[in-house]
Amino acid sequence: MATIEPLRAFSDNYIWLFDDGAGRAFVVDPGDPQPVRAALEARGLALEAILVTHHHFDHVGGVEALKAETGCTVYGPDNPDLPFIDRRLRDGDAVTVLGVAFDVLTVPGHTLDHIAYFAAAPGPVLFCGDPLFAGGCGRLFEGTAAMMHASLQRLADLPADTAVYCAHEYTQANLAFASAAEPGNAALAARVAEVRERRGRDEPTVPSSIALERETNPFLRPDADGILAGLSAAGQAPAADSVGRFAQLRAWKDSF
Ligand code: ZN
Ligand code: FE
């Protein structure tokens with residue numbers, strides 16, 4: 001049976017390891033080669049592929065070494081600054097990796113080259129890198145608020161039961177902000193308690209689900225009454241449109 005497991009890297013990155021149950025694996029965003037080598041060796045797995053979401057070093061730092069050592073195929077964005085990509089992917093492309101059929105979605109905002117990988121089967125899964133986090137979203141390093149808002153709404157439109165495999169364990173800090181942005185959200189309060197327990201046991205809080213993100217992630221909810229109230233309570237007159245409120249939330253989080 002296939003499994004998906006997190007490999008911890010740096011202080012808070014997750015490199016996702018897909019094990020097909022028949023001795024083969026792919027990894028998503030290996031910023032550091034060492035945890036991947038250790039996992040492959042411990043499990044006796046052959047690395048067949050690497051999926052890259054964007055160009056940041058904490059996501060690609062291990063790609064060249066792992067490719068040289070294993071001869072795996074590297075999938076990633078169509079970014080000329082990434083010479084090690086074998087299959088350059090654009091919006092709407094379909095790729096099958098170890099039997100998993102992925103649709104490629106471009107999701108600019110955190111970076112301009114950012115892509116995400118969605119598969120409807122064996123149970124909907126999303127490998128999304130850094131635009132959508134559990135309870136939060138990535139910083140706007142290269143794109144605009146309008147771009148990021150559109151990217152997040154695209155992800156929010158995926159099936160509710162999609163498991164969301166993002167690339168960082170930022171959930172507790174994200175939810176602290178979310179609680180300030182939407183203080184009356186009961187589902188959010190329940191999530192805060194659950195996440196506190198899990199982190200107390202040093203367990204990952206990822207994967208999340210699209211359903212949970214729609215209910216509790218302020219960056220997917222700029223139209224919610226509770227967000228309008230949260231902005232007002234923080235002394236910010238809510239902007240007239242969704243993108244404007246999204247930008248207010250992102251700027252507020254940057255200094256939170
Ligand atoms: Zn990044
Ligand atoms: Fe990152």
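Residues numbered from 1 in each chain as written. Chains lettered and ligands numbered in written order. Predicted model: local features only at pLDDT ≥ 70, side-chain atom pairs only at ≥ 80, totals over all residues. Heavy atoms only, no water.

A. Molecular detail of the overall build of the protein. Check the secondary structure of the protein and you find nine helices and 14 strands. The C-alpha atoms of the protein give a radius of gyration of 18 Å, which matches the 18 Å a tight globule of 256 residues would have. Based on the C-alpha atoms only, the size of the protein along its principal axes is roughly 55 × 40 × 30 Å. Taken over 256 residues, the protein has a buried fraction of 51%. Long-range contacts, defined as pairs at least 24 residues apart, comprise 58% of the intrachain contacts of the protein with a sequence gap of at least 6. (Helix = DSSP H or I, 4+ residues; strand = E, 2+ residues; numbered from the N terminus. Rg over C-alpha atoms; globule rule 2.2 N^0.38 Å. Buried < 20%, exposed > 50% of the residue type's maximum accessible area, 1.4 Å probe, protein only. Contact = heavy atoms within 4.5 Å.)

B. Expanded view of the layout of surface pockets. In this structure, the largest pocket occupies an estimated 190 Å³ of space. Contributing to the lining of the largest pocket are 15 residues, with F133, C137, G138, R139 and Y170 lying nearest its centre. Elements supplying a minimum of two residues to the lining of the largest pocket: α5 (171-181) and α9 (242-254). Split into classes, the residues belonging to the lining of the largest pocket amount to five nonpolar, five polar and five charged. (1 Å grid on protein atoms, 1.4 Å probe; cavity = no way out; pocket = protein on both sides within 12 Å on 5 of 7 lines; lining within 4 Å. Points joined across faces, edges and corners; volume = space filled by probe spheres on them. Nonpolar A, V, L, I, M, F, W, Y, C, P; charged D, E, K, R; others polar.)

C. Structural detail: the coordination of the zinc ion (ligand 1). The coordination sphere of the zinc ion (ligand 1) contains the protein donors H54 (NE2), H56 (ND1), H110 (NE2) and D130 (OD), at a distance range of 2.2 to 2.3 Å. Because the angles between the four donor atoms bound to the zinc ion (ligand 1) fall within 86 to 173°, the donor set is best described as irregular. Binding-site remark: the zinc ion (ligand 1) is held by donors from one chain whose sequence spacing is H-x1-H-x53-H-x19-D. Between the two metals, the zinc ion (ligand 1) and the iron ion (ligand 2), the spacing is 3.2 Å, and D130 donates to both. Within this pair, whereas H54 is found in the loop between β4 (46-51) and α2 (57-60), its partner H110 is found in the loop between β8 (100-106) and β9 (115-119), the two being separated by 56 residues in sequence. (Donors = N, O, S within 2.8 Å, 3.2 Å for Na, K, Ca; no water. Tetrahedral: all angles 85-135°; square planar, octahedral: opposite > 155°, others 65-115°.)

D. Representation of the packing of helix α8 (residues 225-233) against α9 within the structure. Where α8 meets α9, the closest approach of the two axes is 11 Å, and the angle between their N-to-C directions is 50°. In terms of orientation, α8 and α9 fall into the oblique class. Here α8 and α9 pass one another in a crossing that is left-handed. Contacts between α8 and α9 pair I227, L228, G230 and L231 from the former with R245, Q248, L249 and W252 from the latter. Residue classes in the contact of α8 with α9 are distributed as five nonpolar, two polar and one charged. (Axes fitted to C-alpha atoms, helices over the stretch in contact; angles between N-to-C directions. Parallel < 35°, antiparallel > 145°, perpendicular 65-115°, else oblique. Left-handed = near helix turned anticlockwise from the far one by under 90°.)

E. Summary view of the coordination of the iron ion (ligand 2). Every protein donor of the iron ion (ligand 2) is accounted for by D58 (OD), H59 (NE2), D130 (OD) and H168 (NE2), and the metal-donor separations fall at 2.1 to 2.4 Å. Considering all four donor atoms around the iron ion (ligand 2), the spread of angles at the metal, 84 to 166°, places the coordination shape in the irregular class. Donor residues for the iron ion (ligand 2) sit on one chain with the sequence pattern D-H-x70-D-x37-H.

F. Structural view of the sheet that holds strand β1 (residues 3-9). Read across the sheet, six strands follow the order β1-β2-β3-β4-β5-β6 without closing on themselves; strand pairing throughout is mixed. Both edges of this open sheet fall to β1 and β6 (87-89), since each of them pairs with a single strand only. Here the average twist between neighbouring strands, direction ignored, is 25°. In terms of strand pairing, β1 meets strand β2 (residues 13-19) through seven bridges, oriented antiparallel. Across the sheet, the residue bridging to E5 is L17, located in β2. Against the sheet, helix α1 (residues 33-43) touches β1, β2, β3 (24-28) and β4, its axis set at about 140° to β1. Its contacts with the sheet put helix α3 (residues 63-70) on β4 and β5 (73-77), and the angle it makes with β4 is roughly 145°. (Pairing = 2+ DSSP bridges.)

G. Structural detail: the packing of aromatic side chains. Using the criterion set out here, one finds 13 aromatic pairs in the structure. Taking 4.8 Å as the distance between ring centres and 80° as the angle between the ring planes, the aromatic pair formed by W16 and Y165 counts as edge-to-face. Residue W16 is found in strand β2, and its partner Y165 is found in strand β13 (residues 163-166); the two are separated by 149 residues along the sequence. Grouping residues by exposure puts W16 and Y165 together as buried. Between F26 and F127, the aromatic rings sit 6.1 Å apart at their centres with planes inclined by 85°, giving edge-to-face as the arrangement. Placement of the pair is F26 in strand β3 and F127 in strand β10 (residues 125-129), with a sequence separation of 101 residues. Accessibility classification places F26 together with F127 in one group, the buried group. An aromatic cluster is built from Y14, W16, F18, F26, F102, Y117, F127 and Y165, whose rings are joined through pairwise contacts. (Phe/Tyr/Trp six-rings, centres within 6.5 Å; stacked < 30°, edge-to-face > 60°.)

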